[in-house]
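In case you want the letters, here they are:
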Number of protein chains: 2
Amino acid sequence: MLSNHLQNGIESDNLLWSRVPDSDDASTDGVGLLSSPRDGGGGVDSLDYEVIENYAYREEQAHRGKLYVGYYVAVKWFFSLLIGIGTGLAAVFINLSVENFAGWKFALTFAIIQKSYFAGFIVYLVINLVLVFSSAYIITQFAPAAAGSGIPEIKGYLNGIDIPGTLLFRTLIGKIFGSIGSVGGGLALGKEGPLVHTGACIASLLGQGGSTKYHLNSRWPQLFKSDRDRRDLVTCGCAAGVAAAFRAPVGGVLFALEEVTSWWRSQLMWRVFFTSAIVAVVVRTAMGWCKSGICGHFGGGGFIIWDVSDGQDDYYFKELLPMAVIGVIGGLLGALFNQLTYYMTSWRRNYLHKKGNRVKIYEACIISCVTSAISFGLPLLRKCSPCPETVTDSGIECPRPPGMYGNYVNFYCKTDNEYNDLATIFFNTQDDAIRNLFSAKTMREFSAQSLLTFLAMFYTLAVVTFGTAVPAGQFVPGIMIGSTYGRLVGMFVVRFYKKLNIEEGTPLIQKSLNLSYALLGAASFLGGSMRMTVSLCVIMVEITNNLKLLPLIMLVLLVSKAVGDAFNEGLYEVQARLKGIPLLESRPKYHMRQMIAKEACQSQKVISLPRVIRVADVASILRSNKHNGFPVIDHTRSGETLVIGLVLRSHLLVLLQSKVDFQHSPLPCDPSARPIRHRFSEFAKPVSSKGLCIEDIHLTSDDLEMYIDLAPFLNPSPYVVPEDMSLTKVYNLFRQLGLRHLFVVPRPSRVIGLITRKDLLIEENGESSAVELQQSTSVRGRYSETATRADAARPLLDDLLG
Amino acid sequence: MLSNHLQNGIESDNLLWSRVPDSDDASTDGVGLLSSPRDGGGGVDSLDYEVIENYAYREEQAHRGKLYVGYYVAVKWFFSLLIGIGTGLAAVFINLSVENFAGWKFALTFAIIQKSYFAGFIVYLVINLVLVFSSAYIITQFAPAAAGSGIPEIKGYLNGIDIPGTLLFRTLIGKIFGSIGSVGGGLALGKEGPLVHTGACIASLLGQGGSTKYHLNSRWPQLFKSDRDRRDLVTCGCAAGVAAAFRAPVGGVLFALEEVTSWWRSQLMWRVFFTSAIVAVVVRTAMGWCKSGICGHFGGGGFIIWDVSDGQDDYYFKELLPMAVIGVIGGLLGALFNQLTYYMTSWRRNYLHKKGNRVKIYEACIISCVTSAISFGLPLLRKCSPCPETVTDSGIECPRPPGMYGNYVNFYCKTDNEYNDLATIFFNTQDDAIRNLFSAKTMREFSAQSLLTFLAMFYTLAVVTFGTAVPAGQFVPGIMIGSTYGRLVGMFVVRFYKKLNIEEGTPLIQKSLNLSYALLGAASFLGGSMRMTVSLCVIMVEITNNLKLLPLIMLVLLVSKAVGDAFNEGLYEVQARLKGIPLLESRPKYHMRQMIAKEACQSQKVISLPRVIRVADVASILRSNKHNGFPVIDHTRSGETLVIGLVLRSHLLVLLQSKVDFQHSPLPCDPSARPIRHRFSEFAKPVSSKGLCIEDIHLTSDDLEMYIDLAPFLNPSPYVVPEDMSLTKVYNLFRQLGLRHLFVVPRPSRVIGLITRKDLLIEENGESSAVELQQSTSVRGRYSETATRADAARPLLDDLLG
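The written sequence of each chain sets the order in which its residues are numbered from 1. Chain labels run from A onward and ligand labels from 1 onward, assigned in the order the entries are written. Thresholds applied to this predicted model are a pLDDT of at least 70 for local features of residues and 80 or more for the giving and counting of side-chain atom pairs; totals over whole chains, interfaces and linings are not thresholded and use all residues. For the side-chain quantities, the full set of heavy atoms in the structure was used; hydrogens and water were omitted.

In the nomenclature of an unreviewed UniProt entry, chain A corresponds to Chloride channel protein from the organism Brassica napus. The record held by UniProt for chain A lists under Sequence similarities (unreviewed entry) the comment "Belongs to the chloride channel (TC 2.A.49) family." Here is the UniProt Subcellular location (unreviewed entry) comment for chain A, exactly as written: "Membrane". UniProt positions are given in the numbering used here, feature names are shortened, and annotations may be inferred rather than shown by experiment.

Enquirer: Describe in detail the state of the cysteines, supporting the description with residues and values.
Expert: All names here are of chain A. What counts as a disulfide here is a pair of cysteine sulfur atoms lying within 2.5 Å. Per the counting criterion, the structure on display carries 2 disulfides over all chains. Here Cys384 connects covalently by a disulfide to Cys413, the sulfurs 1.9 Å from one another. Note on the Cys384 and Cys413 pair: the S-S dihedral is about -80 degrees, so by sign convention the disulfide is left-handed. Here Cys384, found in the loop between α14 (357-381) and β1 (385-386), pairs with Cys413, found in the loop between β1 and β2 (418-419); they are 29 residues apart in sequence, far enough to count as distant. We note that Cys384, like Cys413, is buried. In this text, helices come from DSSP runs of H or I with a minimum length of four residues, and strands from runs of E with a minimum of two, each type numbered from the N-terminal end. Partly exposed describes any residue whose relative accessible area lies between the buried limit of under 20% and the exposed limit of over 50%, with all areas from a 1.4 Å probe on protein chains only and scaled to the type maximum.

Enquirer: Explain the UniProt feature "transmembrane region" (unreviewed entry) in chain A residue by residue, including any values.
Expert: Residues and elements named next belong to chain A. Here the UniProt-annotated "transmembrane region" (unreviewed entry) positions come out as residues 68-96, 116-139, 233-256, 268-287, 320-341 and 451-469. Segment residues 116-139 splits into 96% helix and 0% strand. End C-alpha atoms: 35 Å apart. Span residues 451-469 is 79% helix and 0% strand, its end C-alpha atoms 29 Å apart.

Enquirer: Talk me through the sheet that holds strand β7 (residues 662-663) of chain A; I want residue IDs and the actual numbers.
Expert: The pairing of strands in a sheet happens through backbone hydrogen bonds and is either parallel or antiparallel. All names here are of chain A. In this scheme, strands are said to pair when DSSP sees at least two bridges between them. Here 3 strands make up an open sheet; going across it, the order is β4-β8-β7 and the pairing antiparallel. Edge positions in the sheet fall to β4 (612-614) and β7, since each has one partner strand and no second. Of the pairings in the sheet, the one linking β7 to strand β8 (residues 707-709) comprises 2 bridges and is antiparallel in character. Its bridge partner lying in β8, Phe662 is registered against Ile708. A contact between two residues is defined here by any heavy atoms of the two lying within 4.5 Å. Axis geometry follows a simple rule: fit a line to the C-alpha atoms, using only the stretch in contact for helices, then measure angles between N-to-C directions, giving values from 0 to 180 degrees. Across the sheet, helix α24 (residues 615-624) touches β4, β7 and β8, and the angle it forms with β4 is around 75 degrees.

Enquirer: Describe the packing of aromatic side chains, listing the residues and the values that go with them.
Expert: Two aromatic rings, drawn from Phe, Tyr or Trp (for Trp, its six-membered ring), form a pair once their centres lie within 6.5 Å of each other, and the interplanar angle then sorts them: stacked below 30 degrees, edge-to-face above 60, tilted otherwise. Applying the stated criterion to the full structure yields 46 aromatic pairs over all chains. Sitting above the plane of the Phe142 of chain B ring, Arg170 of chain B keeps its charged end 5.2 Å from the centroid. We count a charge as sitting over a ring when the NZ of a lysine or the CZ of an arginine lies within 6 Å of the ring centre and within 35 degrees of the ring normal. Across from the ring centre of Tyr719 of chain A, 5.2 Å away, lies the NZ or CZ of Lys729 of chain B, which sits over that ring.

Enquirer: Can you tell me about the side chain of Lys729 of chain B, naming the residues and giving the values?
Expert: Among the secondary structure elements, Lys729 of chain B is positioned in helix α27 (residues 727-737). The buried category is assigned to Lys729 of chain B, whose relative accessible area is 1%. The term polar contact refers here to a pair of N or O atoms within 3.5 Å; inside protein, the definition further demands a hydrogen-donor-capable atom paired with an acceptor-capable atom, and it admits residues adjacent in sequence only when both atoms are side-chain atoms. Here the side chain of Lys729 of chain B touches Ser717 of chain A through a polar contact of 2.4 Å, landing on its backbone oxygen.

Enquirer: Help me get a handle on the UniProt feature "domain: CBS" (unreviewed entry) in chain A, residues and values and all.
Expert: Cross-referencing UniProt, the feature "domain: CBS" (unreviewed entry) maps to residues 602-662 and 714-771 of chain A in the present numbering. The span residues 602-662 of chain A is 33% helical and 34% strand by assignment, and the distance between its end C-alpha atoms comes to 34 Å.

Enquirer: Residue-level account of the sheet that holds strand β9 (residues 742-745) of chain B, with values.
Expert: Reading across from one edge, β11(A)-β9(B)-β8(B) is the order of the 3 strands in this open sheet, with mixed pairing throughout. Of all the strands in the sheet, just β11 (753-755) of chain A together with β8 (720-722) of chain B have a single pairing partner and so form its edges. Averaged over all neighbouring strand pairs, the angle between strand axes comes to 35 degrees, with direction disregarded. Note: β11 of chain A against β9 of chain B, 3 bridges, orientation antiparallel. Paired with Leu754 of chain A across the strands is Phe743 of chain B, a residue of β9 of chain B.

Enquirer: Any details on the nonpolar core? Residues and values, ideally.
Expert: Within this scheme, the nonpolar core is defined by two criteria: the residues are buried Ala, Val, Leu, Ile, Met, Phe, Trp, Tyr or Cys, and they are joined through side-chain atoms within 4.5 Å. By size, the foremost hydrophobic cluster in this structure holds 255 residues, and its most contacted members are Leu254 and Ile553 of chain A together with Leu254 and Ile553 of chain B. Those residues in contact with Ile553 of chain B that sit more than four places away from it in its chain are Leu519, Leu520, Ala523, Cys537, Met540 and Val541 of chain B. Residues Tyr719, Tyr731, Val744 and Leu761 of chain B belong to the second largest nonpolar core, which totals 44 residues.

Enquirer: Tell me about the pairing of strand β6 (residues 641-648) of chain B, and please be specific about residues and values.
Expert: All names here are of chain B. Counting buried residues in β6 gives 6 out of 8 residues, a clear majority hidden from the surface. Relative to β6, strand β5 (residues 629-635) runs antiparallel, the two sharing 7 bridges. Counted as the bridge partner of Asp634 is Leu642 from β6.

Enquirer: An account of the pattern of salt bridges is needed here, citing residue identities and associated values.
Expert: Close approach of charged atoms allows side chains with opposite charge to pair. Between Lys or Arg on one side and Asp or Glu on the other, a salt bridge is scored when a side-chain nitrogen of the former is within 4 Å of a carboxyl oxygen of the latter. This structure, assessed with the given rule, holds 31 salt bridges over all chains. Where Asp431 of chain B meets Lys191 of chain B, a salt bridge forms, and the shortest distance between an N and an O atom there is 3.5 Å. With Asp431 of chain B in helix α16 (residues 430-438) and Lys191 of chain B in the loop between α8 (169-184) and α9 (192-207), this residue pair connects regions lying 240 residues apart in the sequence. A single network of salt bridges, built from pairs that share partners, joins Arg531, Lys561 and Asp565 of chain A.

What follows is the structure, given as structure tokens:
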């Protein structure tokens, strides 16, 4: 494993926007941090580990044998285990806290409203306000990068952009405690997106051996200096986050695969899968412990999982139309949601959040008050309905006993035998509200009027809340919105069928319809907003524990995604764009077809360095521009120039700082005689930090007069493309291999060899391949050809043209 | 879509081992067909569509606007729909036929054995023999490529190797009818692997617009000349096959993703998902029709789906040990299975199957007779057990009524109130046997002795049957074997617990244990043999319709795969290796670290062509070697040579055959004045065919004296690597981009430009990016720099070195 990652020169340079100025204003919300690296002409910094492979690194690895490789693999798996356990425990902790805060809040409020609704409202409002304030305070003062869902940032990291602060220890802490405050405080947001970020942070911190700032780091896990390893760990962390958030291990794997990663390897799938399985076991075990009641208000419902196994398991062709309608509604509302949140976020960024942290806290507090007022006040305006008589059969009490979760909330009703349907969904935790909406046994619980009111208000709240300075996920609000209109459509379908008197067994169909339609509605809204397909489908199936609805969910998702795609991009892409995270999409842009490689880098002045360069020149070059990579050029004995590799700004800075490699002679040193003065890890840069800066380095005038031989420190063979290659091909090369720098060179003058599949099937013994062929003699015979290297280098061209 | 695939020059050259001699001996079983292309030095043929992009193709596309692109996308989706419907119907047809043949066979046999067991045995044996003979006859005489499961071949195709015959119409027909014979004939094999191949064939035939040989092709679907499109369709077909075989749509998508494809794009996921959803709907609709009994013996159990929703949904920590034991057993037995089938297949290939088709048919018939004898004879030796008394409660009759499916088969018993437990699993269709093994309500039905006997015999039969000349899947046999030992372990666990008297509610645990352990056993054996993880897990969950066992299945799979990996490769990899399918693995080999690009192509003599070449020279070059790609070299005005592109053997052959491009002058023609004489599609080669051959082309002596200007027909910018690049980097480039040819060129002398992420984020309007940054003025400012192209081309080097 190690061998493949580090020694063999896989291009795994996927790191770090660096040179970010530490301005207060920019670091407050993780937005706008990316502007400075874009000033520079040289592009993005890179961590090619092969750069120092030849000397320092190989030396360090030389005395480590196969045992070390085994150890390395074992550590990787152990880390996957730790990520699983850590993310699982974090999820349990967040859920436990949220459920207990919310449970205590509602219990207290209900106790007080028995005497005074006004006092109850004040208590409810104040508790929410305190929770939201604490969340906003943590975020603005302590961990600005923990605001929002974090998924766009993680997507960016896995695409190759490390936004400073995203994966720090303080972000992790901020995310965990901020989520507890914002979700416990009853805002229209969820804790699932933040859990994905939490998982990623845990993974990243493990990968770098703890936080350097808080002196929590140990030495041994610093194995993971390769950026590919770190990225793999973060991918595991994402999957673990989803698995923990939804108790959906397969969904987690698919989410990591479909939504967040940019470079996926099937070997990784196996480890991601393992992490998810561990999370499932941890969460399950924790839930088992809590069954005995030791976890306070945290009951079986604490984790998002709605067992709807008594849902519809058959459907009629004529139902496909209302289902398609749900898909269309989901696509429209989802696209609208993306658009509205886009406007909201732009407005916030350009006007509101420029005014500082205080305004952000005020904003969160105001939204909290409004949310409290609406969720308490609207049910007051609604008249209560009498409890249905059939309910007692199904084991559901009406009204529910005070202080318990359940349907049929008695809220501001005149008699004890009534319930308030709006309060059942509005004046409740979101998990319970969803459970009530999905409930199959309460088919006539909600009036269309209440559902419509709730839909409009909650949709507005979700849009307004999105983008405040608190950790916020969009899954649960999406499910709330979707299941509300899904249930509405279900009600209309039932009424329509009843009017026509077509169906036999209508009560059964009614019952399951409500449930299935609520579920399909939820899927359609999430599909219309997030545009995920396979992963969302699996997550929906796993949280409802009902496989029979799978094809229906699939079809609804197809419709809603197609409708949504007609209007705008997915939520995460829109947000990433807004946050200035320049994601490289997997496909080249259309107009690239007409461009060639040279045109893409026209505006950019290439600064090449000679192999042995004066320190003063290095310093002045580094000061005069912001390029992050420099070609290094040497002369052959015959006087021709030759590109010998790529050296990175960050490595040059390390060299300038350490000074041990300075030499007096302007002649190249002998690499074999040269002592190794650098440890491999010196060139590595911690995740989410800003690295060295030329201004930080002090050089004496003696230093400036010395020379450095760059040969040991360069990447000897960066990928190259001919100058007139189609830009789409260049894009594919760049994107598929996850590169940072690509040399555009003149067309070659001759072809030394042609590599085909067969040439790459060589086995260790040097034979062509272990493939046993019946007539394989001729294959082997190929190697006995008298084609020497000289022949190969001098093509037949000479004969033909000569 | 079109634009991205064809016009823009994405390297999508993933086609065709060609130049395969049409020898009878080689074409009989699809093995050894790959030897000849490996004789050649030039490697594998390619279909770079960009090759003719500049002239013929662009001309053809020029008058097609955006409407055409929309049409193209619509056709793609329509094809996904057709693939879904086609594969679903094929699956329904196969299942229907198998169930009816098998049902009729068992009904007849049971009717006869009421009078005479000997006569019954003869009838049983003869029916099986006839079915197996018909299958073997179809395969050997008509569709040799339809033997086996076909998954290694499909995997090879998606990896870039088109084994002739794999995706033909006759293979499809052979696969469908062959499966019916072999599965209906009671052999120890399944119909699931063949269904994957069936799906792939349907997809490929749709993609090329029907079979050319059988005059079924139409013109319009010939849109899909790009190999990438074809590969996408085949991927959809694979997923559809799995979805249809197991009624597991998500499992199908994951199978395609994890097991078969080599290049996966997330856009494709969406379409694969759609196809799977369609399959699910088609199969469900067909099952709905059959519910009324119009499908004969085909009942609800015809499709593989075992609803085990009343399985164990909780587990104890002390159960993890027996579960790990199941995993270990699965890993060991699976690895042993791979090894034994490897020896069997090698032996068959080297000795048995060399003797011709007759021997293959004999072999299949003998195996059929042995299987019949064992499955009929062994239960005869087993004493019957009295029916348990508790059974009547659970709705299961004991013994089952004659002619029905179910548990408790009364076979060779003295009284009517007895059943034969070995006959229940052995003398039954495999689907019913699995259902009986998974059955939760029959916890004491099987004695350990019967299960052990069955395990040993069936394992042996499965090994021996593997590799005969009939379509054969390994899923169902694997599930049989696995669930048998799983149930055995479950029995021991129950006994152990009972002895210790630890557990309360033992009967419930016993009941669910048997079931869960059978399921876990099945998963472990498949994991140990096929080494799939996520997809297998999802398939197991989908076929048993029980999500609660998911974490347990995951953990068992982890153990069994790890154990199996310690011994050998997965079943499909072993078989692909045996069949001479040289799969390019996703990771470079360890020893490549020490090699450079030049070393990989040392043995190979590059033959370069000049831009304008004499026809006689082309012909003699094509005759004198077997290279499939040739660099084309031209002179600049200053006399330097310049590599201007790559021309393919297949395209040269098309040019030689059509002769319209021959010219008298040895001077290059003006490309703009040149009429377009070729249609783009002339250069495309149908899937699974052998293409043109130089020997087929007749050239007159006048022709030979003429010239061809190759410029319009070449790929103007193949990917290049410097000669001393690490071979692992070369491998990654080759593998990730799915290349066919890669030029090894000298190190460049200068760097014209450096491409970074930023350069590739250009938007259509030419601006840097739509990313809105707070301090973005400096970014835009970059474009106002006075860096001209000349500056960029002349690096700072001159200043520094001069």
